[in-house]
Amino acid sequence: MPLPPLVPPGPPLEREQVLRYSRHLLLEQLGELGQRRLRAARVLVMGAGGLGSPILHYLAAAGVGHVGIVDDDVVEATNLQRQVLHTTADVGRPKVDSAAEHVRALNDDVAVTRHHLRLDATNAREVIGGYDLVLDGTDNFPTRYLVADVCADLGLPLVWGSILRFDAQVAVFWSRPPRDAGYPAVTLRDLFPAPPPPGATPSCGQAGVLGAMCGQVGSLMAAEAVKLVTGVGEPLLGRVAVLDVLAARWSELPLRPQPRPLVPSSRAELGYDPLGLPVTAHAAAVLAAEPEPAADETGPTLTARDLAARLAARERGDDHFVLLDVREPTERAIVQIPGAVTVPLERLVADPLAAAAVGVEPGTAVVVHCLSGGRSAQAQRILLGAGYTDVTNLDGGVRAWVADVDPSLPVY
């Protein structure tokens, strides 16, 4: 059963627009009126990465009149395996600039607003509130839960997608769908009431992702946006589409509202703590991927050059410590610092004494590292809490080692 169209139609199409969108106009369910609704729509895309790339391509191609792009990152070479909106020439540029340029090159009828910022509690309502619909293709839990909570608060529909390795999920969340439409009022917290503990879920940068799958998932998300704007078809509201790309199989799970507090109606009711984070998103305040520790939680650190000197001293017998790598095995297969033993962070989260299984006893001096220093800072806190007294974190991780000690090694 279709929902009512989200957006009223804009002005009649011009001759060139009739030609450009003729394949839409031939669709009885969409037609000229639906295309005018697309032209009048304001759609916000969270992230110009793996999911944002196909989303932005297809929203622009569909003729969505105004697209907002939120991203604070720059294009890196590792992005190009899946973030097909960007090219080799874009490496080093802000993603919002690259994305806006490529969207306009595809369709100069589309107005693009660039939000080159990190969405947080101080700006989320202002940014999100300017749009009819939000698509979330972000890759970290604090932003996902913040976007979902603000959309629920504002009553805006949210098209949500998640990818990792060879699996994906897509759903539509809407806290206040039109009455009598027959669809449940569901949000992200009905599917996942709270984010996983830090370290429990790896990121794409740790576990990998099949690039082509981003196209499948992002295209489905863009199609859901078109359906919502135009009132065509049955949206994924109250359902979760699940993709297993290795089995070439889509499946579906029902989603119904779970008991929870009423959706707040104001910033005061949403509840902001002294740090400025919404209480509803506070549990997601640490990234599961590469968390940045709070200033008062950091332990001792050393530089990559200091580690190289200590490793040389250890080889001479003048220093005694264990170098502990908390990355995933697939990451170590790409590059590793010589002389390290490994216990993935996920194991340490589950069992803080798992390091003892590889000979790292509580009385041992430990230098811990990961890719860039975030996960190892978390591991440092876990080990200190488990009775280890001498734990130092490698500042900058493997990336610093490659940059400052051995530039011949690859990075990812």
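Residues numbered from 1 in each chain as written. Predicted model: local features only at pLDDT ≥ 70, side-chain atom pairs only at ≥ 80, totals over all residues. Heavy atoms only, no water.

## Some details on the overall build of the protein chain
Defined as follows: A helix here means a DSSP run of H or I that spans at least four residues, while a strand means a run of E at least two residues long, and both kinds are numbered starting from the N terminus. Type-normalised accessible area, obtained with a 1.4 Å probe on protein chains alone, sets the label of each residue: buried when under 20%, exposed when over 50%, and partly exposed for intermediate values. Here a residue-residue contact requires only that any non-hydrogen atoms of the pair lie within 4.5 Å. Surface exposure here means Shrake-Rupley accessible area, sampled with a 1.4 Å probe, where a residue is shielded only by the protein chains that are shown.
Across its full length, the protein chain carries 16 helices and 13 strands. Out of the 412 residues belonging to the protein chain, those deemed buried represent 50%. Contacts in the protein chain between residues far apart in sequence, at least 24 positions, make up 68% of those at least 6 positions apart. A total of about 18400 Å² of accessible surface is found on the protein chain, and carbon and sulfur atoms cover 56% of it.

## Quick look at the sheet that holds strand S9 (residues 301-302)
Let me state the cut-off plainly: Strand pairing requires that DSSP identify at least two bridges connecting the strands.
The strand order S9-S13-S12-S10-S11 describes an open sheet built from five strands, whose pairing is parallel. A single partner strand is all that each edge strand has here, and the edge strands are S9 and strand S11 (340-342). Bridge count between strand S10 (residues 322-325) and S11: three bridges; the pairing is parallel. In the sheet register, Leu324 faces S11, and the bridge partner there is Val341.

## Observations regarding the packing of helix H4 (residues 52-62) against helix H5 (residues 95-106)
We count it as follows: The convention used is that axes are lines fitted to C-alpha atoms, helices contributing only their stretch in contact, and that angles between N-to-C directions extend from 0 to 180 degrees. Whether a crossing is left-handed or right-handed is set by the direction in which the near helix is turned from the far one by less than a right angle, anticlockwise for left-handed and clockwise for right-handed. As a working rule, the residues Ala, Val, Leu, Ile, Met, Phe, Trp, Tyr, Cys and Pro are called nonpolar, Asp, Glu, Lys and Arg charged, and the rest polar, with Gly in that last group.
It is the contact of H4 with H5, at a shortest axis distance of 9 Å, that shows an interaxial angle of 35°. By crossing handedness, the relation of H4 to H5 is classed as right-handed. In contact with Leu56, His57, Ala60 and Ala61 of H4, H5 contributes Ala99, Val103 and Leu106. Here the residues of the contact of H4 with H5 are counted per class, giving six nonpolar, one polar and no charged.

## Re the pattern of salt bridges
To keep it simple, the criterion reads: Each reported salt bridge corresponds to a side-chain nitrogen of Lys or Arg within 4 Å of a carboxyl oxygen of Asp or Glu.
The tally for this structure, following the rule as stated, stands at 16 salt bridges. The salt bridge partner of Lys95 is Asp73, with a shortest N-O separation of 3.9 Å. Here the residue Lys95 occupies a position in helix H5, and Asp73 occupies one in the loop between strand S2 (66-70) and H5, the gap between them amounting to 22 residues. Look at Lys95 and you get buried, because its relative accessible area is 5%. In this structure Asp73 comes out as partly exposed when scored by relative accessible area, which is 32%. Note that Arg239 is salt-bridged to Glu252, the shortest N-O span being 2.9 Å. Placement of Arg239 in strand S7 (residues 239-244) and of Glu252 in strand S8 (residues 249-254) is noted, with a sequence separation of 13 residues between them. Relative accessible area serves as the criterion here: at 22%, Arg239 is assigned to the partly exposed category. The structure contains a network of salt bridges with shared partners spanning Asp90, Arg93 and Glu101.

## Looking at a negative patch on the surface
The following threshold applies: Each patch groups residues whose relative accessible area exceeds 30% and which form no salt bridge, using 9 Å between like charges and 5 Å between nonpolar side chains of Val, Leu, Ile, Met, Phe, Trp and Tyr. Charged residues are defined narrowly, with Lys and Arg counted positive, Asp and Glu counted negative, and His plus the chain ends left uncounted. Every charge is mapped to an atom, namely NZ of Lys, CZ of Arg, CG of Asp or CD of Glu.
Together, Glu14, Glu16, Asp108 and Asp109 line one region of the surface with negative charge. For Asp108, the location among the structural elements is in the loop between H5 and strand S3 (111-115). According to the relative accessible area criterion, Asp108 is exposed, its value standing at 65%.

## Here we look at the packing of helix H12 (residues 304-316) against helix H16 (residues 397-404)
So the rule is basically this: Here the word oblique covers every angle except those under 35 degrees (roughly parallel), over 145 (roughly antiparallel) and from 65 to 115 (roughly perpendicular).
Relative to each other, H12 and H16 sit at 80°, their axes nearing to 8 Å. In this view, H12 runs roughly perpendicular relative to H16, as classed from their interaxial angle. Contacts from Ala304, Arg305, Leu307, Ala308 and Leu311 in H12 reach Ala400, Trp401 and Asp404 in H16. Residue composition of the contact of H12 with H16, grouped by class: six nonpolar, no polar and two charged.

## As for a nonpolar patch on the surface
A cluster of nonpolar side chains, namely Phe166, Leu210 and Leu246, defines an oily patch on the protein surface of about 280 Å² accessible area. Note on placement: Leu210 falls in the loop between helix H9 (204-207) and helix H10 (211-230). Looking at Leu210, the relative accessible area reads 35%, which means it is partly exposed.

## Things to note about H16
Those residues of H16 that sit buried are Gly397, Val398, Ala400, Trp401 and Val402. In this structure, the buried residues of H16 make contact with H12, strand S12 (366-369) and strand S13 (391-394).

## A closer look at the pairing of strand S5 (residues 158-164)
Working note: regular strand, side chains alternate between the two faces of the sheet. For clarity, the threshold we go by: Note on handedness: a crossover is taken as right-handed if, strands pointing away from the viewer, the path from the first strand over the helix to the second is clockwise.
Among the seven residues in S5, six count as buried, and that is most of the element. Read as a crossover between parallel neighbours, the route from strand S4 (residues 133-136) over helix H7 (residues 141-154) to S5 is right-handed. Here S5 pairs with strand S6 (residues 167-173) via seven bridges, running antiparallel. Across the sheet, Trp160 pairs through a bridge with Ala171, a residue of S6. Hairpin remark: S5 followed by S6, antiparallel, with two residues in the connecting loop; positive phi at Arg165, about 55°.

## What about the pairing of S4?
Burial along S4 is two-sided: Leu133 and Leu135 and Val134 and Asp136, pointing in opposite directions, are all buried. Of the pairings in the sheet, the one linking strand S1 (residues 42-46) to S4 comprises four bridges and is parallel in character. Bridged to Leu44 within S4 is Val134. Pairing of S4 with S5 involves three bridges; the strand directions are parallel. In the strand pairing of S5, Asp136 is matched with Trp160.

## Topic: the packing of aromatic side chains
Applicable threshold: Two rings belonging to Phe, Tyr or Trp (six-membered ring only in the last case) form a pair when the distance between their centres is within 6.5 Å. Interplanar angles under 30 degrees mark stacking, angles over 60 mark edge-to-face geometry, and anything in between is tilted.
In this structure the tally under the stated criterion is two aromatic pairs. Seen in terms of ring centroids, Trp160 and Phe173 are 5.6 Å apart; in terms of plane orientation they differ by 50°. Their pairing is tilted. Here Trp160, found in strand S5, pairs with Phe173, found in strand S6; they are 13 residues apart in sequence, far enough to count as distant. Judged by relative accessible area, which is 3%, Phe173 ranks as buried. Measuring from ring centre to ring centre gives 6.2 Å for Trp160 and Phe192, while their planes differ by 55°; the resulting arrangement is tilted. With a gap of 32 residues between them, Trp160 in strand S5 and Phe192 in the loop between helix H8 (188-191) and H9 connect regions that are remote in the sequence. With a relative accessible area of 3%, Trp160 lands in the buried category. What makes Phe192 partly exposed here is its relative accessible area of 34%. Chaining the aromatic ring pairs together yields one cluster made of Trp160, Phe173 and Phe192.

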